[in-house]
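# Geometric and topological summary
Here is how the chains run, residue by residue.
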Amino acid sequence: MSTSALTGLLDYLHSTLSPSNMRWVGEHLIEFAKKEEREQLRPYTMQEIDDMLDEAEAAFETGDYQTNDETFHH
């Protein structure tokens, strides 16, 4: 999003929200951003990797997968 679009959004919020609503929105945006950053930066544990592999192997054994042709078609 461009700086001018963000500035426009900020100006709109300043003119329409009460101080308590601004604080509420700000706190929720900060919490959401922190959560997103933690999830993006957090490496998988070996247990999570093993669980994903087990799930993929089980799906493969039951025929729940796409062929290369099906994947490229989509």
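Our subject in this report is the structure included herewith. The shown structure was predicted, so the numbers you read here are calculated from the model rather than taken from an experiment. For every chain, the first residue of the written sequence is number 1, and numbering continues from 1 along that sequence. Local features are withheld for residues below a pLDDT of 70 in this predicted model, meaning they are given only at 70 or higher, and side-chain atom pairs are given and counted only at 80 or more; totals for whole chains, interfaces and linings count all residues. To obtain the side-chain values, all non-hydrogen atoms of the structure were used and water was disregarded.

### Regarding the overall build of the protein
- Segments assigned H or I by DSSP are reported as helices when at least four residues long, segments assigned E as strands when at least two residues long, and all are numbered from the N terminus. Per the secondary structure count, the protein includes four helices and zero strands.
- In the protein, the succession of helices and strands from N to C terminus is α-α-α-α.
- We take the radius of gyration over the C-alpha atoms and set the globule estimate at 2.2 Å times the residue count to the 0.38 power. Against the compact-globule benchmark of 11 Å for 74 residues, the protein has a radius of gyration of 22 Å, which places it well outside the compact range.
- Counting only C-alpha atoms, the protein reaches 60 × 35 × 20 Å along its principal axes.
- Counting only residues that meet the buried cut, the protein has 1% of its 74 residues in that class. Burial classification: accessible surface area is computed with a 1.4 Å probe over protein chains only, and a residue below 20% of its type maximum counts as buried, one above 50% as exposed, and the rest as partly exposed.

### Regarding the layout of surface pockets
- A cavity here means a set of 1 Å grid points, computed over protein atoms only, where a 1.4 Å probe fits but cannot escape. A pocket is an open set with protein on both sides within 12 Å along at least 5 of 7 lines, and lining residues have an atom within 4 Å of a point. Grid points are joined across faces, edges and corners, and a volume is the space filled by probe spheres set on the points. Quantified by volume, the largest pocket comes out at close to 180 Å³.
- Lining the largest pocket, in full, are Leu-6, Leu-9, Leu-10, Leu-13, His-14, Leu-17, Met-22, Val-25, Gly-26 and Leu-29.
- By residue number, the principal contributor to the lining of the largest pocket is helix H1 (residues 3–16), which donates five residues.
- Under the scheme applied, nonpolar residues are Ala, Val, Leu, Ile, Met, Phe, Trp, Tyr, Cys and Pro; charged residues are Asp, Glu, Lys and Arg; polar residues are all the others, including Gly. Class assignment for the residues of the lining of the largest pocket results in eight nonpolar, two polar and no charged.

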